[in-house]
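Chains, contacts and geometry: an overview
Residues per chain are reported as follows:
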Amino acid sequence: MDKLSRKEEKLLKELSSGVDMISLSAHSQAPIVSERIQDKKPWVFWGLDNLFPSKLISLSDNSALHSAILDTKAKMIAGTHLVYESENSAAEKFFNEATEKWGGTNELINRLAVDVAYFKGLTINVTYETSKKINGVRHFDFSTVRSGKINTDNGLVENFYYSTRWDIATRKTVYSPKDEIYRPKKLVAFDPSTFNSPDSKKGGQLIFSKAYSPSNSYYPKPSYIGGLSYIDIAAKIATFHKSQLDNGMTGNIHIHIPRDLSNKETRLKVLKGLKDNYAGVQNTGRILLTYGTGDANKPDVTPISNNGVHEALSSLNEKSNQEIVSSHAIPRQLAQLDLGTGFGGLELAQSMAQFQTMSISPSQGMIEDKLNAILKHNGIKEKVMIGRLEPSSPVLSEALIKVSHTIDEIREMNKKQPLTDEVKGSEIPETKSNGSSSDTDRTER
């Protein structure tokens, strides 16, 4: 037998005389936030392996509730898009022209809102014309950017690095022709005084903004950082149930092999084979098929009841959902966990207003501050803001609107004049399904 690895030697030492307990756990953990500086790399690692944002995206892709909350956050942050101070606004004209190549202003806001929801940070790439004024504004995917190191002379980060595949760029030193597109490209930090530098002319400049996080100098911590383990648990529960379905809802089994396994090397091979076939949530319910000749070599297979497993997982899933919602600081009604509890429209409207104030408005402020800084640099004195979503008909059902709004408020939503005092009553004027007013409503006008 070839020389044993350390893990194999450890396994052999732990083997008992007749019964071996095989651990079927597959080690995993939620992504760890860290900033790692290496002398040989000009950028700062985001996460232990420099892939922290990719892992956040993966968690979102595999957790339905977490993904839905992030989508809700992003939509609320994007709001009704940019609101300008006046008609024929110079700010509106500038942003329409500066973003036209990359999908327009609304697309810019939508993308920035997603990045802020996921990462609590944003990146905007700007280009200049010869007169030092900015003439191009576009979104950069926040997950593809890594920060350069702080210049100790001025305390500023002066360079950033961009790659669409940091899993490749992090470990490569020599690039093949096919991988050359993943080599990190340097982008200089936003500094109008260096607009005419070769690097600025080549790739523009990068506005990098992040929410403050204690102990983090380079990267933000997502707002839901405290729920990462529960998000990971929720994803694994879903994988477990899918694997159970794929394998016919088969439970675990006890296998007794009537062979002499006193030889530790032989036992090691058997144990490794069992572990390889059973470890991890994706291998749950698999059947181990053995074969041989003669009754003496017939394996004894005994199913082990897993009664209660699904009930326990259901309870754990409910707990995970509660912790995920808490980590996002989003009201349960907005996360759609309290749909059958009798909450009225007033409570829902209040929850939405509270969430707007505590979470969404500060996130929108991150975007607004950077866009207004761009306007200021170009000598445009106007300011822009992102229109806030209101808990009106697109958000609340008709039944919820009736219990949370006055008659006049409902009529205003439908662009109708308030009722006169003579016709005002306790009943809300009915609206036909086709949007036309009833006869009673017409006489009131």
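Going along each chain's sequence as written, the residues are numbered from 1 onward. Note on the predicted model: pLDDT of at least 70 is required for a residue's local features to be given, and 80 or more for side-chain atom pairs to be given and counted; whole-chain, interface and lining totals, by contrast, use all residues. Side-chain numbers here rest on the full set of heavy atoms in the structure, without hydrogens or water.

Points about the overall build of the chain
The helix and strand labels rest on DSSP assignments: H or I over at least four residues marks a helix, E over at least two residues marks a strand, and numbering proceeds from the N terminus. For the chain, the count of helices and strands is 14 helices and 14 strands. For the chain, the residues scored as buried account for 40% of the 445 residues in total. In the chain, of all internal contacts separated by at least 6 residues, the share reaching a separation of at least 24 is 66%. Per-residue and other accessible areas were derived by the Shrake-Rupley procedure at a 1.4 Å probe size, with only the shown protein chains allowed to occlude residues. Accessible surface, the chain: about 26100 Å² in total, of which carbon and sulfur atoms supply 51%. Each residue is assigned to one of three classes by its accessible area relative to the maximum for its type, calculated with a 1.4 Å probe on protein chains only: buried under 20%, partly exposed between the two thresholds, exposed over 50%. Contact definition: two residues touch when any of their heavy atoms are within 4.5 Å.

Observations regarding the pairing of strand β11 (residues 205-210)
Burial analysis of β11 places five of its six residues in the buried class, which makes it a mostly covered element. By the bridge criterion, six bridges tie strand β4 (residues 121-128) to β11 in an arrangement that is antiparallel. The residue bridging Thr-123 from the neighbouring strand is Phe-208, located in β11. Of the strand pairs in this sheet, strand β10 (residues 185-189) and β11 are connected by two bridges, and their pairing is parallel. Across the sheet, the residue bridging to Val-188 is Gln-205, located in β11. Pairing between strands requires that DSSP locate at least two bridges from one strand to the other.

Digging into the confidence of the model for the chain
As a per-residue measure, pLDDT tells how confident the predictor is, with possible values from 0 to 100. Mean pLDDT over the chain stands at 78; residues scoring 70 or higher make up 64%. Here residues 14-27 is a poorly scored stretch, pLDDT under 50, and it has 19 contacts once near neighbours within four places are set aside; other chains count. Confidence drops under a pLDDT of 50 for residues 393-397, and excluding neighbours within four residues, the segment shows ten contacts in the predicted structure.

Some details on the packing of helix α3 (residues 64-78) against helix α5 (residues 105-119)
An axis is simply a line fitted to the C-alpha atoms; with a helix, the fit covers only the stretch in contact. Between two such axes, the angle follows the N-to-C directions and lies from 0 to 180 degrees. Where α3 contacts α5, the axes come no closer than 8 Å and their chain directions differ by 135°. In terms of axis orientation, α3 runs oblique to α5. Crossing of α3 against α5: the hand is right-handed. Mapping the contact onto sequence places Leu-70, Lys-73, Ala-74, Ile-77 and Ala-78 in α3 and Ile-109, Asn-110, Ala-113, Val-114, Val-116, Ala-117 and Tyr-118 in α5. Looking at the contact of α3 with α5 residue by residue, the classes come out as ten nonpolar, one polar and one charged. For this classification, under 35 degrees means roughly parallel, over 145 means roughly antiparallel, 65 to 115 means roughly perpendicular, and everything else is oblique. A clockwise turn of the near helix away from the far one marks a right-handed crossing, whereas an anticlockwise turn of less than a right angle marks a left-handed crossing. Polar here means any residue outside two lists: the nonpolar Ala, Val, Leu, Ile, Met, Phe, Trp, Tyr, Cys and Pro, and the charged Asp, Glu, Lys and Arg; Gly therefore counts as polar.

Remarks on the sheet that holds strand β6 (residues 145-147)
Here six strands make up an open sheet; going across it, the order is β5-β4-β11-β10-β9-β6 and the pairing mixed. Edge positions in the open sheet fall to β5 (134-140) and β6, since each of these has one partner strand only. Put simply, the sheet's adjacent strands are angled 40° from each other on average, direction ignored.

Let's talk about the environment of Ser-200
Relative to the helices and strands, Ser-200 is located in helix α7 (residues 198-203). Here the alpha-carbon distance between Ser-200 and Thr-127, two residues 73 residues apart in the chain, equals 7.6 Å. We call two N or O atoms a polar contact when they sit within 3.5 Å, provided that within protein one can donate a hydrogen and the other can accept it, with sequence-adjacent residues counted only if both atoms are side-chain atoms. Only 3.0 Å separates the side chain of Ser-200 from the side chain of Gln-205, close enough to count as a polar contact.

Digging into helix α2 (residues 52-62)
For α2, every residue scored as buried is listed here: Phe-52, Pro-53, Leu-56, Leu-59 and Ser-60. Mapping the buried residues of α2 onto a view down its axis gives an arc of 115°, with all of them on the same face. The arc refers to the directions leading from the helix axis to the C-beta atoms.

Things to note about the environment of Gln-356
Here Gln-356 is to be found in helix α11 (residues 345-377). Classification of Gln-356 by relative accessible area gives buried; the value is 9%. C-alpha of Gln-356 to C-alpha of Ile-330: the two residues are 26 residues apart in sequence and 9.7 Å apart in space. Residues in contact with Gln-356, not counting those within four places in the same chain, are Met-76, Ser-361, Pro-362, Gln-364, Arg-388 and Leu-389.

Points about the side chain of Thr-170
Note on placement: Thr-170 falls in the loop between α6 (166-169) and β10. Polar side-chain contacts of Thr-170 include one of 2.6 Å to the backbone oxygen of Trp-166. When sequence neighbours within four positions are dropped, the list of residues in contact with Thr-170 reads Lys-41, Phe-45, Asp-49 and Asn-50.

Topic: the packing of aromatic side chains
Stacked, tilted and edge-to-face are the three classes assigned to paired rings of Phe, Tyr and Trp, where Trp is represented by its six-membered ring and a pair needs centres within 6.5 Å; plane angles under 30 degrees give stacked, over 60 edge-to-face, the rest tilted. Within the structure shown, the criterion is met by 13 aromatic pairs. Aromatic ring contacts, followed pair by pair, group Trp-46, Phe-52, Tyr-118, Phe-119, Phe-142, Phe-160, Phe-208 and Tyr-219 into a single cluster. For the cation-ring pair, Arg-165 lies above Tyr-182, with the distance from its terminal atom to the ring centre recorded as 5.5 Å. In this scheme, Lys NZ or Arg CZ marks a charge over a ring once it lies within 6 Å of the ring centre and within 35 degrees of the ring normal.

A short note on the pattern of salt bridges
Only one rule defines a salt bridge in this text: a Lys or Arg side-chain nitrogen within 4 Å of an Asp or Glu carboxyl oxygen. What the rule picks out here adds up to eleven salt bridges. A salt bridge links Arg-165 to Asp-167, with the nearest nitrogen and oxygen atoms 2.7 Å apart. Overall, Arg-165 belongs to the partly exposed group, its relative accessible area being 33%. With a relative accessible area of 31%, Asp-167 lands in the partly exposed category. Here Glu-368 ties to Arg-388 by a salt bridge, and the two come within 2.7 Å at their closest N and O atoms. Of the two residues, Glu-368 is situated in helix α11 and Arg-388 in the loop between β14 (385-386) and α12 (398-404); the sequence distance between them amounts to 20 residues.

Remarks on the environment of Met-366
Here Met-366 lies in helix α11. As for Met-366 and Gly-121, which are separated by 245 residues in sequence, their C-alpha atoms are 8.2 Å apart. Dropping the residues within four chain positions of it, Met-366 is found in contact with Val-116, Lys-120, Gly-121, Leu-122, Ser-209, Lys-210 and Ala-211.

Regarding the nonpolar core
In plain words, nonpolar cores are sets of buried Ala, Val, Leu, Ile, Met, Phe, Trp, Tyr and Cys residues tied together by side-chain atoms within 4.5 Å. Counting residues in hydrophobic clusters, the biggest one holds 66 residues, and the most contacted among them are Phe-94, Ile-124, Val-137, Ile-367 and Leu-371. Aside from chain neighbours lying at most four places away, what touches Phe-94 is Ile-134, Val-137, Ile-374, Leu-375, Asn-378 and Ile-380. Phe-45, Leu-51, Trp-166 and Ala-169 belong to the second largest nonpolar core, which has seven residues in total.

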